[in-house]
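The lines below spell out each chain.
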2 protein chains.
Amino acid sequence: MATPLNSRAEILLKTLIEQYISGGAPVGSRTLATQAGLELSPATIRNVMAELEDMGLIRSPHTSSGRVPTQAGYRLFVDSLLSVESMDLSTVSQLQGELTDGVDQQHVIANASSMLSQLTQLAAVVSVPRREEISAFRQIEFVRLSAKRILVILIARDGQVQNRVFDTGRKYSDSELVEAANFFNAEFAGRTLGEVKRLLLKEMERDSESMQKSMRVAVEMAQQVFAESQDEGLVVSGESNLMDIPDMGDVKTLRRLFDVFGTKRDLLHLLDQSMRCEGVNIFIGRESGYEALEDCSVVTASYEVDNRIVGTLGVIGPTRMSYERVIPIVDITAKLISGALSGDNE
Amino acid sequence: MATPLNSRAEILLKTLIEQYISGGAPVGSRTLATQAGLELSPATIRNVMAELEDMGLIRSPHTSSGRVPTQAGYRLFVDSLLSVESMDLSTVSQLQGELTDGVDQQHVIANASSMLSQLTQLAAVVSVPRREEISAFRQIEFVRLSAKRILVILIARDGQVQNRVFDTGRKYSDSELVEAANFFNAEFAGRTLGEVKRLLLKEMERDSESMQKSMRVAVEMAQQVFAESQDEGLVVSGESNLMDIPDMGDVKTLRRLFDVFGTKRDLLHLLDQSMRCEGVNIFIGRESGYEALEDCSVVTASYEVDNRIVGTLGVIGPTRMSYERVIPIVDITAKLISGALSGDNE
DNA sequence: ACTGGCACTCTATATATGGGAGTGCCAAGG
DNA sequence: CCTTGGCACTCCCATATATAGAGTGCCAGT
């Protein structure tokens, strides 16, 4: 941190990490000497390694085995040492193909997630976009299923449909329902879902008598449906890929990891963090803030619709993952999904 | 198989299996002597155990360790030796509560699955009901999203909503869409989804000119939505519970197991098999027909809506699971879910 | 500043070693 | 004839021990 590395040390650190990533075993001075391309003897390299260890960039698991990168080492690596491969063009177009053949936002997201996990052989995560401030309200419908059960259907301009069944206390006539629907459709058409939600909320607070009773209930139901439409989801796939990775050998560790996937809340929070920044984001080990992700890294990128960031996607794998392979995949996927969702919308 | 067991052998087999299930370790003659309640010496019991081994009901992992049940042993056990506990009443009512607070079929199913896995601490599986022949068509709507994009919404009488976006080749006027909707709603109201699907299929085959062109496309779109409505789903939860079970220690084995959960097709097939029979069904180890389920058992029960079997639920765990605890849970859940879905429907 | 050499450390693997649990069989007793 | 205690035998498992190998740190020489 204090002293910036001289270029020889950089090269050695880079080679060491690459070597460790591909081999999985601690790297010793001899292998480093042959691999780094510098004409140095193992002894010299040992001196440099000692320095790197002092700086906290690498460490040795035991008194005498090779060195492995520390978290700080990885950080430096991905920040300034890493050379990313650009992606195979045919793979890109294949990805694009698979991605855009979902007519529907849900399909696009699901495809993206599954592709991502397949390409990286890691676990993939895609957050369902916040549509609130982007997607506009188109129309709402109240369908009477039986005497007291009413189905509310919310349709957004982009074709997303949200629906929910309510058990109302009393009977509603068809005409009441039609009237309610007309009211909403006239009042709110064209506004964004978020706006409508807020307006409805205000409406309810006013506890107004200016509204008929029947309207009140309708507003309440609509409010709930809108509230759910915010329902931020998360699509996870390829979790089981992580079981093939020897680093995670411990079933105990795996279990905790899978719990994270199960709850989703934590993951969502993590993805939210990287919503702010553009481009690819990397959380290494503890940086994510979750103990279960101790030996994992998370590579994320956010995607946008109509030039606004609306969601994030990423992959989760062992800290010892091939960043140079994974980063471009995540990057490209984010861009493609942006395209697929934007094009879809008009 | 040939010779039915005498009662002493039965008791010993039963105790052995119970002992093995609770302890997880091979059971020897001494422990069996103290646990079985019979006044017999270990030596005598050894003789009986030898017989049981000859019959293929138990085996010893090594020349000299205790015995463990074979698949055939488990089979006999669950078929005729098992005494199931009846369930704690408070648990039942709690279950019922949690189950019925989902207004919506999807919620009920999801709740059932999660409850099932929580109660058993195993992986749970619930198949989404075949609604085709039960659920009636209520109405269809065509919403124009943009010039050539049309949203088709299918509403069933029970409140299920199915929707899909189509990119049509040409523009449709609002009046055309209204006309199409009216046609469907008048023609098919009240019929079951399955019926409508078949009728539409026939309609399309006729390639009739009696229909206007616009109708043809509408029929086609409707057909596709109906086809998707058949979309048999599967809700899985608690997979990660299996990682806590020491029997499955092997990550390799777990991985294959998780692959089964991932593909779902195989699971669905398995659940289908037990749709035919009423009551609780048990597949032990290989009986399920899947190699990945080698050391697992599947306990299933089907549930019904309006006295017709429409789906199946079950749990998957190690063959060495506590059947006497699991069976009643699966049984009750199936009954409760039947109730919850039937009551919901009118 | 770099290098070879050397003693040292620590791991991983293979190889004994002994205890323990359980069996099968046999001969004796009810 | 069924049951039982006794006994030799088998096999697993945990522990200890030896050994090879990889890698280090340090020092002295270039």
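Cut-offs applied
Residues numbered from 1 in each chain as written. Chains lettered and ligands numbered in written order. Predicted model: local features only at pLDDT ≥ 70, side-chain atom pairs only at ≥ 80, totals over all residues. Heavy atoms only, no water. Helix = DSSP H or I, 4+ residues; strand = E, 2+ residues; numbered from the N terminus. Rg over C-alpha atoms; globule rule 2.2 N^0.38 Å. Contact = heavy atoms within 4.5 Å. Pairing = 2+ DSSP bridges. Axes fitted to C-alpha atoms, helices over the stretch in contact; angles between N-to-C directions. Salt bridge = Lys/Arg side-chain N within 4 Å of Asp/Glu carboxyl O. Buried < 20%, exposed > 50% of the residue type's maximum accessible area, 1.4 Å probe, protein only. Core = buried A, V, L, I, M, F, W, Y, C linked by side-chain atoms within 4.5 Å. Near = heavy atom within 4 Å. Polar contact = N/O pair within 3.5 Å; in protein donor to acceptor, adjacent residues only side chain to side chain. Nonpolar A, V, L, I, M, F, W, Y, C, P; charged D, E, K, R; others polar. Least-squares fit on C-alpha atoms with pLDDT ≥ 70 in both. Expected span 1.5 Å × (residues − 1). Buried area = accessible area lost by both parts, 1.4 Å probe.

Asks: Looking at this structure, I do not really get the overall build of chain A. What am I missing?
Replies: In terms of helices and strands, chain A carries 12 helices and 10 strands. Here the C-alpha radius of gyration of chain A, 26 Å, is well above what a compact globule of 346 residues would show, namely 20 Å. Its C-alpha atoms give chain A principal-axis dimensions of about 90 × 40 × 35 Å. Sequence separation of at least 24 residues holds for 62% of the intrachain contacts in chain A that already meet a minimum separation of 6.

Asks: How do you make sense of the sheet that holds strand β4 (residues 137-144) of chain B when you look at a structure like this?
Replies: Strand pairing in a sheet relies on backbone hydrogen bonds. The paired strands run either parallel or antiparallel. Residue and element names in this part refer to chain B. Strand order in the open sheet formed by 3 strands is β4-β5-β6, with antiparallel pairing between adjacent strands. With one partner strand each, in any of the chains shown, β4 and β6 (161-167) form the two edges of the open sheet. Each adjacent strand pair in this sheet contributes to an overall mean axis angle of 15°, direction not counted. Alignment of strand β5 (residues 149-156) against β6, held across 7 bridges, turns out to be antiparallel. For Leu-151, the partnering residue across the bridge sits in β6 and is Val-165.

Asks: Can you help me understand the pattern of salt bridges in this one?
Replies: When the charged atoms of two side chains lie near each other, side chains of opposite charge can form a pair. Residues and elements named next belong to chain A. Evaluated as defined, the whole model comprises 26 salt bridges over all chains. Two residues, Arg-67 and Glu-53, come together in a salt bridge whose shortest N-O distance is 2.7 Å. Residue Arg-67 is found in the loop between β1 (58-59) and β2 (68-69), and its partner Glu-53 is found in helix α3 (residues 42-54); the two are separated by 14 residues along the sequence. A relative accessible area of 16% places Arg-67 in the buried class. Residues joined in a network through salt bridges with shared partners are Arg-75, Asp-79 and Glu-287.

Asks: I keep staring at the nonpolar core and nothing clicks. Help me out?
Replies: As a rule of thumb, soluble globular proteins bury nonpolar side chains together. Residues Tyr323(A), Ile337(A) and Tyr323(B) are the most contacted members of the largest nonpolar core, which totals 161 residues. Not counting chain neighbours up to four residues away, the residues in contact with Tyr323(A) comprise Ile21(A), Tyr74(A), Phe77(A), Val78(A), Leu82(A), Ile282(A), Ile284(A), Ser297(A), Val299(A) and Pro328(A). Judged by nonpolar contacts, the second largest core, of 24 residues, contains Phe137(A), Ala180(A), Leu193(A) and Ala218(A).

Asks: Is there a simple way to think about the protein's contact with DNA strand D in this case?
Replies: For DNA strand D, the set of nearby residues contains 21 residues, the closest of which are Ser29(A), Ser64(A), Arg8(B), Thr44(B) and Thr63(B). A breakdown of the atoms of DNA strand D within 4 Å of the protein gives sugar and phosphate a share of 72%. One of the side-chain N or O atoms of Ser64(A) is found 2.6 Å from a base nitrogen in DNA strand D. Breaking the surface near DNA strand D down by element, the ones donating at least two residues are α2 (29-36) and α3 of chain A together with α3 (42-54) of chain B. When residues in the surface near DNA strand D are grouped by element, the largest group, 4 residues, is from α3(B). Taken together, the residues of the surface near DNA strand D break down into 3 nonpolar, 12 polar and 6 charged.

Asks: Just to check I follow, could you spell out the relation of the copies chain A and chain B for this structure?
Replies: A rotation about some axis, followed by a shift along it, carries one copy of the chain onto the other. Mapping chain A onto chain B is achieved by rotating through 180° and translating by 0.1 Å along the same axis, at an RMSD of 0.2 Å. On this basis, the relationship between the two copies can be described by a two-fold rotation axis. Closest to the rotation axis within chain A is the C-alpha of Val251(A), separated from it by 3.4 Å. The fraction of interface residues of chain A whose copies in chain B are also interface residues reaches 97%, indicating that both copies meet through the same surface.

Asks: Got a minute to help me understand helix α1 (residues 7-23) of chain A in this structure?
Replies: Every α-helix carries 3.6 residues per turn, so stepping three or four residues along brings you back to the same face. All names here are of chain A. The end-to-end C-alpha separation of α1 is 24 Å, in line with the 24 Å expected for 17 residues at 1.5 Å each. Restricting attention to buried positions, one finds in α1 the residues Ala-9, Leu-12, Leu-13, Thr-15, Leu-16, Ile-17, Tyr-20 and Ile-21. Its side-chain oxygen at 3.1 Å from the backbone nitrogen of Arg-8, Asn-6 defines the N-terminal cap of α1. Looking at the residues trailing α1, positive phi occurs at Gly-24, about 85°.

Asks: Any chance you could explain the interface of chain A and chain B here in plain terms?
Replies: How big an interface is tends to be stated in terms of accessible area lost as the parts join. Across the contact, 34 residues belong to chain A and 33 residues belong to chain B. Carbon and sulfur atoms make up 54% of the area that chain A and chain B hide from each other, which totals about 2900 Å². Across the contact surface, chain A and chain B share 2 salt bridges. A salt bridge links Asp244(A) to Arg255(B); the nearest nitrogen and oxygen atoms lie 2.8 Å apart. Counting the contacts that link chain A with chain B gives 8 residue pairs in polar contact (both at pLDDT 80 or more). Going through the elements one at a time, β4 (137-146), β5 (149-156), β6 (161-167) and α10 (251-263) of chain A are the ones with two or more residues in the side of chain A that touches chain B. In terms of residues, the side of chain A that touches chain B owes the most to one element, β4(A), which gives 7 residues. For the side of chain A that touches chain B, the residue count by class is 13 nonpolar, 8 polar and 13 charged.

Asks: What's the story with the environment of Glu53(B) in this structure? I'm lost.
Replies: All names here are of chain B. Classification of Glu-53 as partly exposed rests on a relative accessible area of 27%. Remark: the alpha-carbon pair of Glu-53 and Glu-10, spanning 43 residues in sequence, is separated by 13 Å. Those residues in contact with Glu-53 that lie beyond four places of it in its chain are Ile-58, Arg-59, Ser-60 and Arg-67.

Asks: Can you walk me through the sheet that holds strand β7 (residues 234-237) of chain B in this structure?
Replies: Residue and element names in this part refer to chain B. Pairing is antiparallel in the open sheet, where 5 strands are placed in the order β7-β3-β10-β9-β8. Among the strands making up the open sheet, the edge pair consists of β7 and β8 (280-284). Strand-to-strand, the axes of this sheet are offset by a mean angle of 20°, without reference to chain direction.

Asks: Is there a simple way to explain unusual backbone geometry in this structure?
Replies: Backbone phi values are negative for most residues with the exception of glycine, while trans is the configuration of most peptide bonds. All names here are of chain B. Even without being a glycine, Asp-306 presents a positive backbone phi close to 50°. One can find Asp-306 in the loop between β9 (296-305) and β10 (308-318). Positive phi, close to 65°, is recorded for Asn-307, a residue that is not glycine.

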